[in-house]
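# Working through the structure, step by step
So the chains spell out like this:
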Amino acid sequence: MTKKTKKIEIEIVVPNDYSGITLRQYLNLQKDIELYKEDEEAMNAALFYHICGIDPKVLHQLDREVFTKVKSQLYSFLGNINFLLQRNITFEGVKYGFEPNLSKMSYGAYLDLTKFPTMGIDEHWPKILSILYRPIERETGALYSISEYKGWKEWETEKWLDVNMDFHFGCFFFFNRLYKDLSLGILNSLKKETGMPPNIKSILDKSGEAINQLHLLQRKTF
């Protein structure tokens, strides 16, 4: 007697671009990619699981044609690095704005930024965003001012995890293009004012490497 195979229909939702992927998904994928970087099959499973919600057991049962089509659709945009800075975003009725003038960033905000070991999109990134984006207090046309920096709170960083990656990449690339020049400018200013500049050499090095690290991660993943 031949055993009949029962077919189950499932709906696969494949994002068309990074706006369909949250930071939470991206960070979870990043962890698994690093964990299974020597195992291509496991990396594919992680990609389908974190981005499309397909369990590895279900993945193995997909038709090869469907698997290839979904994978091709993901690869069509996952290597994209062309993103624009989004200067404001709204959470629960509160509008947050990106630091209007990085050259005039408060020393406290700058100092807190230098405490992070990397300037990449990793577990520290939500905290970095809580420094760069703060509630808008006044707004006139395209001009705005944000609240004074008073430090970030752990619970405030959670909201960034559910924001889409097109927003995060836009901020990441914009900020890293300027961060080295900003750091050097503040360093020179502090030398003149206090003669006691902070040790930012490692931060400058990591800032310069951040985009290369992201590109490397994308190449390893996709």
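Quantities reported herein were computed from a predicted structural model and do not represent experimental measurements. (Residues numbered from 1 in each chain as written. Predicted model: local features only at pLDDT ≥ 70, side-chain atom pairs only at ≥ 80, totals over all residues. Heavy atoms only, no water.)

### So, the nonpolar core
Here is the rule we go by: The nonpolar core is taken to be a set of buried Ala, Val, Leu, Ile, Met, Phe, Trp, Tyr and Cys residues, with the residues joined through side-chain atoms within 4.5 Å. Relative accessibility under 20% of the residue-type maximum defines a buried residue, over 50% an exposed one, and the middle range a partly exposed one, all with a 1.4 Å probe and only protein chains included. The contact criterion used throughout is that any non-hydrogen atoms of two residues lie within 4.5 Å.
Core analysis: the biggest nonpolar cluster contains 56 residues, and Leu74, Phe98, Ile121, Leu132 and Tyr133 have the highest contact counts within it. Among all residues touching leucine 132, those that are not within four sequence positions of it are Gly97, Phe98, Glu99, Leu102, Met105, Leu113, Ile146, Cys171 and Phe175.

### Describing the pairing of strand S4 (residues 143-146)
Selection criterion: In this analysis, strands are considered paired if DSSP registers two or more bridges between them. The way it works is that DSSP assigns letters per residue, a run of H or I at least four long becomes a helix, a run of E at least two long becomes a strand, and they are numbered from the N terminus.
Two elements, strand S3 (residues 133-140) and S4, share 4 bridges in a ladder whose sense is antiparallel. Across the sheet, residue threonine 140 finds its bridge partner in S4, namely leucine 143. In this antiparallel pair of consecutive strands, S3 and S4, the connection spans 2 residues, and glycine 141 shows a positive phi of 60°.

### Considerations on unusual backbone geometry
The residue glutamate 92 is not glycine, and still its phi comes out positive at about 45°. Mapped onto the secondary structure, glutamate 92 falls in the loop between strand S1 (88-91) and strand S2 (94-98).

### Regarding the packing of aromatic side chains
What counts, and what does not: Centre distance within 6.5 Å is the pairing criterion for rings of Phe, Tyr and Trp, where only the six-membered ring of Trp is used; planes under 30 degrees apart are then read as stacked, over 60 as edge-to-face, and the remainder as tilted.
Scanning the entire structure with this criterion turns up 18 aromatic pairs. Ring geometry for phenylalanine 98 against tyrosine 133: centres 5.3 Å apart, planes inclined by 70°, an arrangement best described as edge-to-face. With phenylalanine 98 in strand S2 and tyrosine 133 in strand S3, this pair connects stretches of sequence that are 35 residues apart. Three or more aromatic residues joined by ring pairs make a cluster, and in this case those are Tyr18, Tyr26, Phe77, Phe83, Trp125, Phe169, Phe172 and Phe173.

### Observations regarding the environment of lysine 71
Looking at the element boundaries, lysine 71 is found in helix H4 (residues 64-78). Classification of lysine 71 by relative accessible area gives buried; the value is 17%.

### As for the sheet that holds S3
What counts here: Here an angle of 0 to 180 degrees is reported between the N-to-C directions of two axes, which are lines fitted to C-alpha atoms, with helices fitted over the stretch in contact.
In space, the 4 strands of this open sheet follow the order S1-S2-S3-S4, with antiparallel pairing throughout. Among the strands making up the open sheet, the edge pair consists of S1 and S4. Geometrically, the sheet is characterised by an average inter-axis angle of 50° between neighbouring strands, direction not taken into account. Across 4 bridges, S1 lies against S2 in antiparallel orientation.

### Here's the deal with helix H6 (residues 125-132)
Since the α-helix packs 3.6 residues into each turn, any two residues three or four apart lie on the same face. Within H6, 8 of the 8 residues are buried, which leaves the element mostly enclosed by the surrounding structure. Every buried residue of H6 is accounted for by Trp125, Pro126, Lys127, Ile128, Leu129, Ser130, Ile131 and Leu132.

### Concerning the side chain of serine 130
With respect to the helices and strands, the residue serine 130 is situated in helix H6. For serine 130, the residues in contact, after removing those within four places along its chain, are Trp152, Glu156, Thr157 and Trp160.

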